[in-house]
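Results of the structural survey
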Amino acid sequence: MEQARRLPLQKKPPQWLRNSLPFWLILPTAIVLFAIQVYPFLYTIWLSLEQRKPTGWVFVGLKNFTQLFATTLFGESAGLTVVFLVLFVALTLGTGFLIAYLLSRNISFTGLYTTLLFIPWVLSDIISGEVFRLLVLPSYGVLSGYLQNPKIFPPHGLSVLTAPPPNPWIGSFPFPPSPALVLLILATTWRALPFITLLLLASIQMIPKEVIESARIDGANSLQAIWYIMLPIMRPTVVVAIFSLTLSGMNGVGMIFSLTGGGPGTETEIMPWLLYSIGWLQVNFNWAAALALLIGVINLLLIIGTLRATRLEEANG
Amino acid sequence: MAEKSGRSPRKNHWLIHCVLILICLGMMFPIVIAIIESFKLPQDIQRNPPTLLPCDTPTQAFNLGACRWSINGYQRVLSIEPDAKSPFGFDIKGTLISVYLGNTLLYAVSASILVVLLAAASGYAFSRFNFRGKRAMMTAIIAITGVPLLTNLLGLYQMGVVIRKSGFPYDDRAFLIIVYVGMFLPLSVWIAKGFFDAIPRDLDDAALIDGCSRMGALFRVIMPLTVPGLVAIFLLTFVNVWNEFLAGYLLVSQNQYKPVMYGLYNFLGENLINLQVIGAACILISLPVIVLFLFFRRSFFEAMVEGAIKG
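Residues numbered from 1 in each chain as written. Chains lettered and ligands numbered in written order. Predicted model: local features only at pLDDT ≥ 70, side-chain atom pairs only at ≥ 80, totals over all residues.

1. So, the overall build of chain B
Under the convention used in this document: A run of H or I in DSSP counts as a helix once it spans at least four residues, and a run of E counts as a strand once it spans at least two, with each numbered from the N terminus. To get the radius of gyration, use the C-alpha atoms; to get the globule rule, take the number of residues to the power 0.38 and multiply by 2.2 Å. Around each residue's C-beta, the other C-beta atoms within 10 Å are counted; 20 or more make the residue buried, 12 or fewer make it exposed, and counts in between make it partly exposed. All C-beta atoms are placed from the backbone.
From N to C terminus, chain B includes 13 helices and two strands. The globule rule puts the C-alpha radius of gyration for 311 residues at 19 Å, and the 25 Å found for chain B is more than 25% above it. Each principal axis of the C-alpha atoms in chain B carries an extent, and together these give about 85 × 70 × 40 Å. For chain B, buried positions account for 43% of its 311 residues.

Below, the structure is given as structure tokens:
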């Protein structure tokens, strides 16, 4: 500050320095991002093409990928990830839209409602997982008294964290999901809901009131106004919401740590957990790198989709 | 959020309030349960079948006067011991508080300060200057966030090992702080640019005409106006670092430098059935961020919306 205060009195800095000011302002950010984000990513690419042999590192091309994809664990995990993502995104988006719509209806106590609804957002995924675990821990969890009661859930009661998966309907595709995966979906939704609600609420509030009112005057009922007027206007935001939910679902692993630990068996081993388990539990960095790249590519596609959707939004607004 | 609606008449409908109250109850339910559990006696926790409230007597199913509450869970998390030498007359021996919480405070505060400084500098540059490659750089910064943390952890882990072996002065804590800065910087740059964009350029021009240098204009005219935005970035980063688990867990080799979320995760293994201890630990560790959130609600919402719509 002191130095800045003296600056105007000093001689003007030379021309080259003034022209390069943006460069110096961005340089620190660029260095940190290169070291922490770009370099490790390049390292991962290298890692995914190599394998450790007694003679040292050997270039193996795409062998890591083909070996990884051939494992049954990968196939299982891919199925679980699809089920997890579809249910998680649909549930969060549906509930989030309902809450946002109700909050936008010009009612009392909106401040109180938003504050209460948003508390889960500041809790960490580890804490969220532990809090949900408190509910269903076998024998001791508060809800276990009801869930494990054979009279309520025949024939043996339901122990969420240890129950085996139900028989799949189609081949070995893990649907319907196991109780533990449902619990994971509920907990993840619980934590993601505030953010999505806020996103959708901001978008609803940007819609001019006259548009909705004129539709109502023309005889549309509430549902028709939502379906034919609001949702089309909100489409870019909904797309952003879907992408960002998928992104967080593809990368969130903390909740699994404290909630299920991937189990029972491999029932909640979705992609990010599989990556952790291959890399750090089985210490196979090369396969982990291959899987990480796969997730990274999916993420990049999602980000590009989000950017395109926001550009649409800017063009519309 | 609701500030605009004050003028027009409110259209309250009992159904809307009913649904919202139900949803709020549902959202608060896990937190309320955690609070209740944290105040239970060990013998009430280990009852079979478990009960929601420890308020039953041998003769009655529910009697509010007979509720048995205890602070056993909190005592075990804190393990307070009298200590004549400490200024308060006691000492907190629980590692969660005495070791891990301090680490997390250090990480969160220093990473947030660094993120604010770097994001303000580059956000200002992106907002006010036109130069070749600007669009590409902005896109690259947002694309970077698409690389999953787990992917980067492989490389960062290796980086830590290499630096440690090379004899270069290496410190787990400094390394982790830089990693946190790199993790949360991209979004903050976008948020900062958004905040700078909202300040009219005429203000810069006026300052420049009055004889300010570019840096002078930034520090004396623009910065004071962006303080709310920078506070929002600080808070967002603070909460993010506070809640971060994976990097702290995998990158730090010495246990005494690991963050508080690792301590909590560890608690799960140490207290398999002492749910009152787990509940108390969760409440104690999330209380600071919840209080921050309640005090700075508007800042959080601004930063969230700004960051969400842009990236």
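Back to the text.
2. Thoughts on the overall build of chain A
Note the threshold: In this description, any two residues whose backbone-derived C-beta atoms lie within 7 Å of each other are considered to be in contact.
Regarding its fold elements, chain A presents 14 helices and two strands. C-alpha extents for chain A along the principal axes are approximately 85 × 80 × 40 Å. Residue burial in chain A is summarised as follows: out of 317 residues, 44% are buried. Look at the contacts in chain A between residues 6 or more apart in sequence, and 66% of them connect residues 24 or more apart.

3. Quick notes on the confidence of the model for chain B
All names here are of chain B. Put simply, the rule reads: Per-residue confidence from the prediction method is given by pLDDT, with values spanning 0 to 100.
Of the residues in chain B, 94% reach a pLDDT of 70 or more, and the chain-wide mean stands at 84. Taken element by element, the predicted model of chain B shows its lowest mean pLDDT in helix α13 (residues 297-310) (72) and its highest in helix α4 (residues 95-128) (92). The ipTM value of the predicted complex is 0.86, and its pTM value is 0.88.

4. A few points about the pairing of strand β2 (residues 56-59) of chain A
All names here are of chain A. Using the following cut-off: Strand pairing requires that DSSP identify at least two bridges connecting the strands.
Note that strand β1 (residues 50-53) and β2 share four bridges and pair antiparallel. Bridge pairing links Lys-53 to Gly-56 in β2. Linkage of β1 to β2, two consecutive antiparallel strands, is achieved through a turn of two residues.

5. Structural notes on the packing of helix α7 (residues 125-136) of chain A against helix α1 (residues 14-38) of chain B
The condition that has to hold: Axes, fitted as lines to C-alpha atoms, cover a helix only where it is in contact. Angles between the N-to-C directions of the axes lie from 0 to 180 degrees. Throughout, the term roughly parallel applies to angles under 35 degrees, roughly antiparallel to angles over 145, roughly perpendicular to angles from 65 to 115, and oblique to all others. For this scheme, ten residues count as nonpolar: Ala, Val, Leu, Ile, Met, Phe, Trp, Tyr, Cys and Pro. Four count as charged, namely Asp, Glu, Lys and Arg, and the remainder, Gly too, count as polar.
Running from N to C, α7(A) and α1(B) point in directions that differ by 70°, and their axes come no closer than 9 Å. What the angle tells us is that α7(A) and α1(B) run roughly perpendicular. The residues of α1(B) that touch α7(A), namely those facing A:Val131, A:Phe132, A:Leu134 and A:Leu135, are B:Pro30, B:Ile31, B:Ile33, B:Ala34 and B:Glu37. Each residue belonging to the contact of α7(A) with α1(B) can be placed in one class, and the counts come to eight nonpolar, no polar and one charged.

6. Thoughts on the interface of chain A and chain B
Each partner contributes residues to the interface: chain A has 83 residues there, and chain B has 94 residues. Of the residues contributing to the side of chain A that touches chain B, the split by class is 57 nonpolar, 21 polar and five charged.

7. Some remarks on unusual backbone geometry
Residue and element names in this part refer to chain A. Omega for the peptide link from Phe-175 to Pro-176 comes to 0°, which places this bond in the cis form. As for its position among the elements, Pro-176 is in the loop between α8 (144-147) and α9 (179-206). Even without a glycine there, the phi angle at Ser-139 is positive, about 70°. Here Ser-139 shows up in the loop between α7 and α8. In this structure, Val-283 takes a positive phi of about 45° despite not being glycine.

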